[in-house]
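Breakdown of the fold
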Amino acid sequence: MEFFKIRRDIPFMRHALVFNAVSFITFLAAVFFLFSRGLHLSVEFTGGTLMEVSYSQPADLNQARERIAALGYSDVQVQNFGTARDVLIRMPAVKGVSSAQQSDKVLAALKEGDASAELRRTEFVGPQVGDELAADGLKALAFVVVGIMIYLAFRFEWKYAVAAIIANLHDVIIILGFFAFFQWEFSLPVLAAVLAVLGYSVNESVVIFDRIRENFRRYRKMETVEIIDNAITSTISRTIITHGCTQLMVLSMLLFGGATLHYFALALTIGILFGIYSSVFVAAAIAMWLGIRREDLIKPVKKEGDPDDPNAGAAV
Amino acid sequence: MNRYPVWKYAIILIALWVGSLYTLPNFFGEAPAVQVSAGKPAIKVDASVQAKVEEALKSAGLTASALTLEQGSLKARFDSTESQIKAKDAIQRALVPDPNEASYVVALNLLSRSPQWLSALNAAPMYLGLDLRGGVHFMLQVDMPAALTKKAESLAGDIRTSMREKNLRHGGISRNGQAIEIRFRDTSTLEAAKRLIQDQFADLQTTEAAEGSDFKLSATLKPEAGRRVQDQALKQNITTLHNRINELGVAEPVIQQQGLDRIVVQLPGVQDTAKAKDILGRTATLEIRMVDESSEARAAELSNGMVPFGTERYLERNGQAVVVKKQVILTGENLTDAQPGFDNQTQEAAVHLTLDAKGARIFRDITRDNVGKRMAILLFEKGKGEVVTAPVIRSEIGGGRVQISGRMTTVEANDVALLLRAGSLAAPMEIIEERTIGPSLGAENIAKGFNSVTWGFLAVAAFMCFYYMLFGVFSSVALAVNLLLLVAVLSMLQATLTLPGMAAMALVLGMAIDANVLINERVREELRNGVSPQAAIHAGYDRAWATILDSNVTTLIAGLALLAFGSGPVRGFAVVHCLGILTSMFSAVFFSRGLVNLWYGRQKKLKSVSIGTVWRAPGTALAKDE
């Protein structure tokens, strides 16, 4: 079986400007939503208490809200979680009241309303921990960006490193933009997903760059643009199949992983889809504009008679 | 060209064998068990305890399917939860007759059902995190400034005493924050005091300043001494927590330091979170009172009769009653330290107490007025008092250094010191993070994680076999091996598996297939270019390798960042993610190549390879389709 019966190299780079404009606009939209709506951060980052309570029959949210409000806690969110019988309650941290007291009181109040209320999970995070987590998240992001850039600059050249990082950071921003737009909950696992996607979609760019380097060696008379087109065309089937497979896994998580893994899987899905787009259409184009050349990658003396390359010196 | 030397196959076989061996325990599941461990530091769980437990089980008509004694804890495995609970009650009755005097912790636990020979190889199932088995997680922050202030307070008292001994006149000693300030009228006394502090208080550093007509010497803790105080405070709090948690009867509590001033407590399987929180947050109080030595009180002590007005009866730890006055002389707040040791003269075992300045003053006055009488040190926990010790006052005790000795063994001295210390926390603690997962949710999370991995794996494997035919089968087998190795490594390292960890497992499988897709596509491409099948396989693997390496390194960088900066759920994700990438390099490249070599490598005149359609653009085609 073969999905990709491509006769000729697809001239991706001819439309590079359009692709980059599309990316740029999506990027701006994502940044806009990030600033205008902000992320809906989970309790882990903001500090506060989270309770998951399950009932034996569909829960009456309004009643639960009233009961909690009667306790004098403000800014409490009550919503269904996964099923109609599970309820998620989020409360900001209250000064002077320990988390233990807070969750015990709330549970007691809920049990008064419906004796079947059962505490499934509580999570309390003090405000100082939340700040640290946010700081650690940013540090991790910086570490990934710098680490990948150094590696790529070392393996390829700085232009490739810059192109790959720009393309993939734009993925990250777009994922965050989605989370801001839909006000999905941004939790620690989502952060992990975002960083994993960053590493993963750099893969894509690496595969294409690898091919570009190989083409530079192989096809000595080709123009840079043709080289890039050829590299993308010959790797596109692998790109789509790999991402398809990863997406199958993520889909399985989305279907079977339940509410806990929902946003994690969602972040991965967006990341994978935009990862394809940015690697195929954006990274190479940026590299092209940064002016990659054959001489940057191929040190003439060393690579001239590469014995491993059966096609060395062959021209097409 | 597509042949592996024997040693490469040997590596593959060894890896598979070791992998299977260590993955095996995960399939046996877990059986209900009862775990007995020591409730006090002085008590050992040994063969005699095992004999007692065996006897208790026999008399209750129960048989344990396995009884193991290792690392100071005795574990008895049972076939059903019913007999587990019965056994727990029986053992509890036999070992801990008095619930207030818990020398042993008898707890319910789950034990791996894997056979003895596997356990002997240290092959254990993966260690499940709290979100998979249910339980409570707390992170406590120790209030270090409070510990330092307390230390400064006690040092201020010590300085006051030493200066009096040396007849150095000062114009007042006070504690200002964490600094001790001493005022002087003239510089010569200041100099003398400074020398005194340098000689006797190595932990302090001094600075002097003129203040109006007075001179001021301010002493602060040296940074390294400050660190030591903080370290001790943390250790003491951990000890206290250990003692308290022992009461809860938790099989495998985790109590560990995190960072400089934090303690993480994890109690797997605990469902009564309210009680757990209550016990962790409990403040035990220590009180020193006078023993009532009137004849009525004596009579009440012996006869369990009415106690005189204004007194109360408490029991000593050996069960003897002591009638003490209600008036409290000192509380634990004034006690800064308690250490076991020996009497200087008699070499008897003793406990050395250190009181702060206020405590020392009160203690001196009380002891001066009550020589020959008994005083009692009481510990109140859960609103219930107990006499730790009730020594006779032999002489006036000044300076805040108290020694309790007589009629004590070294073990008892240790115990008393621990009780006195552990009774109070060195510094207040605050819960800054708390996570409770109900047991049903844990089981559901396991099912969810398991289903995600299984269905995802099946979908990917089905697609690969369908799209790449035999090469797809090889890839799928390689992917299965990857999973096997990953589970084996996680079991071997006993790394904690969490739900995000299971998600990482699914994700890493989805990513690991990338390497095989790269290889297969490359082989197809070579075939498309008209290269002979054997050469195509060779070139496919060779050329794909550089790309696979590059792409895995970038993924690994992200994984390491998560490992370095992540906490909690993120760390669980990162561990599995990083390990998965490493095992995938072995399985996807080295192992799958082995399979291919084994299948195709020996055929000299290989005509076709089963790798799905090798499509050629019409016109350029060599007119042959596999």
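All figures in this text were calculated on a predicted structure; none of them were measured in a lab.

1. Concerning the sheet that holds strand β6 (residues 135–142) of chain B
The strand order across the open sheet built from 8 strands is β3(A)-β4(A)-β2(A)-β5(A)-β21(B)-β6(B)-β12(B)-β11(B), with neighbouring strands paired in antiparallel fashion. The strands lining the two open edges of the sheet, one partner per strand, are β3 (77–81) of chain A together with β11 (254–258) of chain B. Here the average twist between neighbouring strands, direction ignored, is 20°. Relative to strand β21 (residues 429–437) of chain B, strand β5 (residues 118–125) of chain A runs antiparallel, the two being bridged by 5 bridges. Residue pairing in the sheet places Arg-121 of chain A in a bridge with Ile-437 of chain B of β21 of chain B.

2. Looking at the domain arrangement of chain A
Taken as a whole, chain A is organised into domain 1 (12–40 + 129–303) and domain 2 (48–125). Placing the centre of domain 1 of chain A and that of domain 2 of chain A at their C-alpha centroids yields a distance of 40 Å.

3. As for the confidence of the model for chain A
All names here are of chain A. Across chain A, pLDDT averages 82, with 92% of residues at or above 70. By mean pLDDT, helix α11 (residues 300–303) is the weakest element of chain A at 47, and helix α6 (residues 158–182) is the strongest at 90. Counted against residues more than four places away or in other chains, residues 301–307, with its pLDDT under 50, gives 4 contacts.

4. Brief notes about the domain arrangement of chain B
Parsing chain B into structural domains produces domain 1 (6–22 + 439–600), domain 2 (30–113), domain 3 (145–225) and domain 4 (283–431). When each unit is reduced to the centre of its C-alpha atoms, the spacing between domain 1 of chain B and domain 3 of chain B is 66 Å.

5. Quick notes on the nonpolar core
Counting 257 residues, the largest nonpolar core has Leu-195 of chain A together with Leu-509 of chain B as its most contacted members. No other element matches helix α9 (residues 258–289) of chain A, which puts 20 residues into this core. Every residue in contact with Leu-509 of chain B, bar those within four places of it in the chain, is listed here: Met-249 of chain A together with Gly-456, Phe-457, Val-460, Leu-479, Asn-482 and Leu-483 of chain B.

6. Considerations on helix α1 (residues 6–23) of chain B
For α1 of chain B, which comprises 18 residues, the first-to-last C-alpha distance of 25 Å matches the rise-based estimate of 26 Å (1.5 Å per residue) to within 8%. In this fold, the buried residues of α1 of chain B make contact with α2 (25–28), α14 (439–493) and α17 (569–600) of chain B.

7. Things to note about the pairing of β3 of chain A
All names here are of chain A. As paired strands, β3 and strand β4 (residues 83–91) are joined by 5 bridges and run antiparallel to one another. Among the inter-strand pairings, Gln-77 is bridged to a residue of β4, identified as Arg-90. If you look at the hairpin formed by β3 and β4, you'll find 1 residue sitting between the two strands, and Gly-82 has a positive phi there, around 80°.

8. What about the confidence of the model for chain B?
Residue and element names in this part refer to chain B. Looking at chain B, the pLDDT average stands at 82 and 92% of residues meet or exceed 70. For chain B, helix α13 (residues 410–423) is the element with the lowest average pLDDT, namely 68, and α1 is the one with the highest, namely 92. Note on residues 621–626: pLDDT is under 50 here. Beyond four places in sequence and across chains, it has 8 contacts. Listed scores for the predicted complex are pTM 0.76 and ipTM 0.83.

9. Some points on the packing of helix α15 (residues 499–528) of chain B against α17 of chain B
Residue and element names in this part refer to chain B. Between α15 and α17, the least distance of the axes is 8 Å, while the angle of their chain directions is 30°. In this view, α15 runs roughly parallel relative to α17, as classed from their interaxial angle. The way α15 lies across α17 gives a crossing that is right-handed. Residue-level contacts link Pro-500, Gly-501, Ala-503, Ala-504, Met-505, Val-508, Ala-512, Ala-515 and Asn-516 of α15 to Pro-569, Gly-572, Phe-573, Val-575, Val-576, His-577, Gly-580, Ile-581, Ser-584, Ala-588, Val-589 and Ser-592 of α17. Grouping the amino acids of the contact of α15 with α17 by side-chain chemistry returns 14 nonpolar, 7 polar and no charged.

Rules and cut-offs
Residues numbered from 1 in each chain as written. Chains lettered and ligands numbered in written order. Predicted model: local features only at pLDDT ≥ 70, side-chain atom pairs only at ≥ 80, totals over all residues. Pairing = 2+ DSSP bridges. Helix = DSSP H or I, 4+ residues; strand = E, 2+ residues; numbered from the N terminus. Axes fitted to C-alpha atoms, helices over the stretch in contact; angles between N-to-C directions. Domains from an automatic or database assignment. pLDDT = per-residue confidence, 0-100. Contact = placed C-beta atoms within 7 Å. Core = buried A, V, L, I, M, F, W, Y, C linked by C-beta atoms within 7 Å. Buried ≥ 20, exposed ≤ 12 C-beta atoms within 10 Å, placed from the backbone. Expected span 1.5 Å × (residues − 1). Parallel < 35°, antiparallel > 145°, perpendicular 65-115°, else oblique. Left-handed = near helix turned anticlockwise from the far one by under 90°. Nonpolar A, V, L, I, M, F, W, Y, C, P; charged D, E, K, R; others polar.

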